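The chain contents come next:
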Amino acid sequence: EVVLLILKKGVSNVSIFSYLKSFFKEFNNRSSDCTVYTDAGTLQSHASISAGIKTICAYHGLIGKNNLNALPEYDSIYVFSEDEKEYLLNLGVRSKIHTYPVTRLDSMKNVVIFFLPLDVNALDLMSGIEETIKLFKSFSYEIYIKQHPLANSTEKLKKEYKITPANWKELLNIHKVNYLNTSGGGASTFINKLKPSFIVSRWGSTVFAEALNMGIIPISISQSDNKHIIYPFHKKSLSWPKDKDIITNILSDKESYNDIMNALK
């Protein structure tokens, strides 16, 4: 099996790696104080590190399970949660590991932000979004919808990568809902600006870790577990519809927001 993998991947990767290392060595000769930043570009990182360039991994998403033998020896690694940091340390990673800094909100409003995926691939996802919106509207919450940033891709990019963004305005057809500009910043930017009491999204989104670190209760509307992802969604968020009663009790002041937040933390 190892021989087959070498033959299948090695033939193309050896030439790519050779080119990249040559490029980085030449670049390093011209600019010795260069630093490479990457979002887990493994082959490129091995090449830049091998060429003697300081290389920093700044993850764009939540990390999955890693093999220590394949992970590049980055100078530093940035992750979204303490859970991911602890995982990498226990794995034996020798890089300096940091969590992205966030500021806990000093106040919150009756606002909920829905961070929606690029497309719709499950009926239970659609029904979950609609039902959750209706619940929050019944408690007079302001509803904000944040689409995936790739929804605003160029037509060329959409065609090349076969991107088919969902038209959430048309699919949801719910009045008095605010749609946010997808290019207005990352999740923490919108959270700091709108000061929501809740965020709603699906498994796999970094917004779960960002929101919880900022003191906001995250709600999941997806039933899949994504077991390859290190961040423990099932422990650190409420789930729809399983935790519907808990969410309703918080909204009606029958259950303490802070108690639930501390339990999730």
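Here the structure is shown first, and the text comes after it.
All of these numbers come straight from a predicted model, not from anything done at the bench. (Residues numbered from 1 in each chain as written. Predicted model: local features only at pLDDT ≥ 70, side-chain atom pairs only at ≥ 80, totals over all residues. Heavy atoms only, no water.)

Asker: Got a minute to help me understand the packing of aromatic side chains in this structure?
Answerer: Each aromatic ring pair is specified by the distance between its two centres and by the angle formed by the two planes. If you walk through the whole model with that rule in mind, you get 10 aromatic pairs. Seen from their ring centres, Phe23 and Phe24 are 5.4 Å apart, and the 65° between their planes marks the pair as edge-to-face. In this structure Phe23 comes out as partly exposed when scored by relative accessible area, which is 39%. The buried category is assigned to Phe24, whose relative accessible area is 11%. Relative to Phe233, the ring of Tyr231 lies with its centre 5.3 Å away and its plane at 75°, an arrangement referred to as edge-to-face. With respect to burial, Tyr231 and Phe233 carry one shared label: buried. Here a set of aromatic residues connected by ring pairs shows up, and it is made of Phe136, Tyr141, Phe198 and Tyr257. (Phe/Tyr/Trp six-rings, centres within 6.5 Å; stacked < 30°, edge-to-face > 60°. Buried < 20%, exposed > 50% of the residue type's maximum accessible area, 1.4 Å probe, protein only.)

Asker: Just checking my understanding: could you explain the state of the cysteines for this structure?
Answerer: Among covalent bonds in proteins, the disulfide is the one between the sulfur atoms of two cysteines. Inspection of every chain in the model, using the stated rule, returns zero disulfides. With no disulfide of its own, Cys34 lies 16 Å from the sulfur of Cys57, the closest cysteine sulfur. What makes Cys57 buried here is its relative accessible area of 0%. (Disulfide = S-S within 2.5 Å.)

Asker: I keep staring at a nonpolar patch on the surface and nothing clicks. Help me out?
Answerer: Residues Val3, Leu4 and Leu7 make up a contiguous nonpolar surface patch of roughly 330 Å² in combined accessible area. Along the chain, the position of Leu7 falls in helix H1 (residues 2-30). Residue classification places Leu7 among the exposed residues on the basis of a relative accessible area of 55%. (Patch = residues over 30% accessible without salt bridge, like charges linked within 9 Å, V, L, I, M, F, W, Y side chains within 5 Å. Areas by Shrake-Rupley, 256 points an atom, 1.4 Å probe, with all protein chains shown as cover. Salt bridge = Lys/Arg side-chain N within 4 Å of Asp/Glu carboxyl O. Helix = DSSP H or I, 4+ residues; strand = E, 2+ residues; numbered from the N terminus.)

Asker: Just checking my understanding: could you explain unusual backbone geometry for this structure?
Answerer: Comment: phi is negative for the bulk of residues other than glycine, and the bulk of peptide bonds are trans. With an omega of 10°, the peptide bond between Trp240 and Pro241 qualifies as cis. Tracing the chain through its elements places Pro241 in the loop between strand E10 (238-239) and helix H10 (244-251).

Asker: So what exactly am I meant to see when it comes to the pairing of strand E8 (residues 198-201) here?
Answerer: On a regular strand, one side chain projects to one face of the sheet and the next to the other, so that they alternate. Here E8 shows a buried face lined by Phe198 and Val200 and a second buried face lined by Ile199 and Ser201. The pairing of strand E5 (residues 111-115) with E8 spans three bridges and is classified as parallel. The partner of Val112 across the bridge, within E8, is Phe198. Sheet topology places E8 next to strand E9 (residues 217-220); four bridges connect them, and they run parallel. The residue of E9 that forms the bridge with Ile199 is Pro218. Handedness of the E8-helix H8 (residues 207-213)-E9 crossover: right-handed. (Pairing = 2+ DSSP bridges. Right-handed = clockwise from strand over helix to strand, strands pointing away.)

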